[in-house]
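Spelled out, the chains give:
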Amino acid sequence: MSLVDLVVNNPLLLAEAALNGLLLGGVLALLALGLNLIFGVLDIVWIVYVDLAMLCMYLIYFTVQVYGWPLLLGAAAGIALGVVLGLAVHLLIITPILNSPPVNQLLATGGLLFFIQSFATFLWTTDHKTVRLSLPTLEFGGMFVSFSRLIAFGIAVLVMIGLYLFLTRTYIGTAIRAVSQDRGAMALMGANPQRVYLVTSAVGGMLAGVAAALLIIQYSVHPFFGAAFGPITFMICVLGGLGNMFGAFVAAFIMSEIISIGGVAWSSEMGYVIAFALFIVLMFIRPGGIFAKRQ
Amino acid sequence: MITRVLGLALLAAVALIPLVPMGGMSQYVLHVVIQIFIWSFIGNAWSLMGRFGLVSLGHGAFLGVGAYTTTLLWNFYGLTPWLGVFVAVAAAVAVALVVAYPCSRFGIVGHYFALVTLAMGEVIRLLLIAERDWTGGSLGLTLKSAGDASFLGIQYTDKRVFYYGAMVVWLLGLWVWHRLDRSMARAAMEAIGEDETAAASVGIHVSRFKLGVTALSAGLTAFGGVAYAQYIAYVNPETLSGVGVSLRIVFAVVLGGMYSLLGPTVGTALTISLSEYLRVKFGVHYIGMAETIYGLALVIFIIFLPAGIYGSLRGLFVRKRRAPAAARARA
């Protein structure tokens, strides 16, 4: 099947793919925003970011599916773990190498990625683990959409609004934005960057936890979950402009639409190939991200 | 002078390894050392770019393009890898230029460059999986057998042939590194790595040097990919082009130290020995344990030895030797 075929003969399938892409975009945007927040403030790409979310997914799986906690409580535990992981990564790994060359910082979190991936394989094997929910599938005029995706999208949007308010309306949020604009000047103004770094890492970790809670109701978790969703998350961040929140938000939807529609029109790999190829092309047209100001 | 003699003695010792009777172990030892040679060569190729601040996280793309080109040409058209390697290197250089030219033209550096190359690696990996009609998808592809010893197919069951072949390849990589290190290009590239605008303002042709180094690095990496595919006689998108492979190359080089001739070799020897040791130690009982320790070791090494192991040791050694000389000069 090709794209033209799809448009002409099966517009309903196309619309369904587009809608699913939109819903996937919400969760991807959340992950990208968390990563972008950390990058904007610390100038470090946490290659390990999606793997942290994966650990939170495992925790939610075990609390809900094995120990029988209610889903909301499990999700809260997952989010709490996200905060702890965010702080731990910052204190144990980033702090000692804050002034090292960027490649070393990137690789230190990359080493952590190897560690988490293999430790998860060691502890929980490569089995796919799923939280079983009996949520209905909704039908809109012939299109089928799973209710869990709809909920995930709604919560993702709410959390992003919350993040926006946090960054614009609170004192520490303003400080975070100030640091991401100019690290040196912020320290000169007498602010304590270490505190801002810690809050940022905690919030970034928390967003990974929220994303984990929204992902676990749609996908099963396995040790290579981070490898599956990691690259696309980085691409979204770069496409939107590293550190640019609004850009990441829009880029998430562009990428998820391409993946979803490309997946239906050709194959799921081709969906990703087109998304990554488009990413490379767009980088050449707008190196600073799609919403960067022209220099 | 002393270092040169020492180096030659060491080289002679390495060359004699296959002749040492080791009984049942010899095949395994040779296998490990061959892998060290090939991956050191690839690490060396990566460091040609990496040392000048062009940090690529997508060298798996070049490995994949190289290895699959010769394998497909051999399996479907019976073209000998001796000729196929030229096509493979040309293809990898073409891919590199398609990505690197705009990168250089539009000033994509640092994190952005690393992530663009990461995307490039993913594109190649996913294309290899998507084109499953020829490439076998994620199952990979086995080289069509050409008998026990075939010069045309570069297939030998005797590991000693590959041992000396891989050693020559490795030495070739070191020679290229040394040549670049002594050339004008090195000074130009260092200036570019420090500050592109300043380099351009003193008359350095920024794009030309960057593209040259990138093409050289990509071509050599593809060559390494071909060597690896010929030795293993099997290609797979994950083991050649995955993010994991690209990161492993970078890890080995950074661990060894990318600013010295033997850094990539030391780093590769260390990471491969470590992962082989852990694999043998834990084997099938604790799946994932070996990699877990490997990952942890990498994090610790990067935090505590940022200049790389060989780089740090060498720094210590050189400083000690220079100190008395400096004292004499002052007196």
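Look a little higher up for the structure.
The following refers to the structure shown.

The rules behind these values
Residues numbered from 1 in each chain as written. Chains lettered and ligands numbered in written order. Predicted model: local features only at pLDDT ≥ 70, side-chain atom pairs only at ≥ 80, totals over all residues. Heavy atoms only, no water. Helix = DSSP H or I, 4+ residues; strand = E, 2+ residues; numbered from the N terminus. Rg over C-alpha atoms; globule rule 2.2 N^0.38 Å. Buried < 20%, exposed > 50% of the residue type's maximum accessible area, 1.4 Å probe, protein only. Contact = heavy atoms within 4.5 Å. Pairing = 2+ DSSP bridges. Salt bridge = Lys/Arg side-chain N within 4 Å of Asp/Glu carboxyl O. Core = buried A, V, L, I, M, F, W, Y, C linked by side-chain atoms within 4.5 Å. Buried area = accessible area lost by both parts, 1.4 Å probe. Polar contact = N/O pair within 3.5 Å; in protein donor to acceptor, adjacent residues only side chain to side chain. Phe/Tyr/Trp six-rings, centres within 6.5 Å; stacked < 30°, edge-to-face > 60°. Axes fitted to C-alpha atoms, helices over the stretch in contact; angles between N-to-C directions. Parallel < 35°, antiparallel > 145°, perpendicular 65-115°, else oblique. Left-handed = near helix turned anticlockwise from the far one by under 90°. Nonpolar A, V, L, I, M, F, W, Y, C, P; charged D, E, K, R; others polar. Arc of directions from axis to C-beta.

**Considerations on the overall build of chain B**
Helix and strand counts for chain B stand at 15 helices and four strands. Taken against the 2.2 N^0.38 rule, which gives 20 Å for 331 residues, the C-alpha radius of gyration of chain B at 21 Å falls within 12% of a compact globule. The 331 residues of chain B split such that 51% are buried. Contacts spanning at least 24 positions in sequence make up 77% of the contacts within chain B whose residues lie at least 6 apart.

**A word on the pairing of strand β1 (residues 137-140) of chain A**
Residues and elements named next belong to chain A. Here β1 runs beside strand β2 (residues 143-146); their pairing, made up of four bridges, is antiparallel. Paired with L138 across the strands is V145, a residue of β2. Between β1 and the antiparallel strand that follows it, β2, lie two residues; G141 among them carries a positive phi value of about 45°.

**Examining the pattern of salt bridges**
Two side chains of opposite charge can pair, provided their charged atoms sit close to one another. Residues and elements named next belong to chain B. Inspection of the entire model under this criterion finds eight salt bridges over all chains. The salt bridge partner of R279 is E276, with a shortest N-O separation of 2.8 Å. Here the residue R279 and the residue E276 both occupy positions in helix α13 (residues 263-282), the gap between them amounting to three residues, near one helical turn. On the accessibility criterion, E276 (11% relative accessible area) is buried. Counted as one network, the salt bridges with shared partners bring together R51, D181, R186 and E190.

**A closer look at the nonpolar core**
Grouped together as the largest cluster of nonpolar side chains are 185 residues, with contacts concentrated most on A:L30, A:W46, A:F279 and B:L57. The residues touching A:F279, leaving out its near neighbours within four places in the chain, are A:M235, A:V238, A:L239, A:M255, B:L115, B:V116 and B:A119.

**Looking at the interface of chain B and chain A**
On the side of chain A, 40 residues touch chain B, which itself brings 44 residues to the contact. Of the roughly 3,700 Å² buried where chain B meets chain A, counting both sides, 84% is carbon and sulfur surface. Looking at the side of chain B facing chain A, the largest losses of area belong to B:H111, B:Y112 and B:L115, adding up to 18% of the total buried there. Here chain B and chain A share one salt bridge between them. The partner of A:E269 in a salt bridge is B:R132, with the nearest N and O atoms 3.2 Å apart. In this structure, the connection of chain B to chain A is made through three residue pairs in polar contact (both at pLDDT 80 or more). For the side of chain B that touches chain A, the elements supplying multiple residues, two or more each, are α4 (81-105), α5 (110-130), α12 (243-256) and α14 (289-304) of chain B.

**A look at the packing of aromatic side chains**
For the structure shown, the criterion picks out 21 aromatic pairs over all chains. Put simply, the rings of A:Y58, A:Y61, A:F62 and A:W124 pair up and form one aromatic cluster.

**Here we look at the packing of helix α2 (residues 11-42) of chain A against helix α9 (residues 193-216) of chain A**
Residue and element names in this part refer to chain A. Direction vectors running N to C along α2 and α9 enclose 170°, while the axes themselves pass 9 Å from each other. On the basis of their axis angle, the class for α2 and α9 is roughly antiparallel. In the packing of α2 onto α9, the handedness of the crossing is left-handed. Counting all contacts with α2, which are made through V27, L30, L31, L33, G34, L37, I38, V41 and L42, the residues of α9 involved are V196, Y197, T200, S201, V203, G204, L207, V210, A211, L214 and L215. Looking at side-chain class alone, the contact of α2 with α9 contains 16 nonpolar, four polar and no charged residues.

**As for helix α7 (residues 171-181) of chain A**
Residues and elements named next belong to chain A. Of all the residues in α7, the buried ones are I172, G173, A175, I176 and V179. Viewed along the axis of α7, the buried residues span an arc of 160°, placing them on a single side of the element. Looking at α7, the residues exposed on the side facing more than 90 degrees away from the buried face are Y171 and Q181. Looking at the buried side of α7, the elements it contacts are α2, α6 (147-169), α8 (183-188) and α9.

**What to know about the environment of A:S118**
Position of A:S118 relative to the elements: it lies in helix α5 (residues 102-124). When neighbours within four sequence positions are excluded, A:S118 is seen to be in contact with B:G288, B:E291 and B:T292. Here A:F114 takes part through its backbone oxygen, which lies 2.3 Å from a polar atom of the side chain of A:S118.

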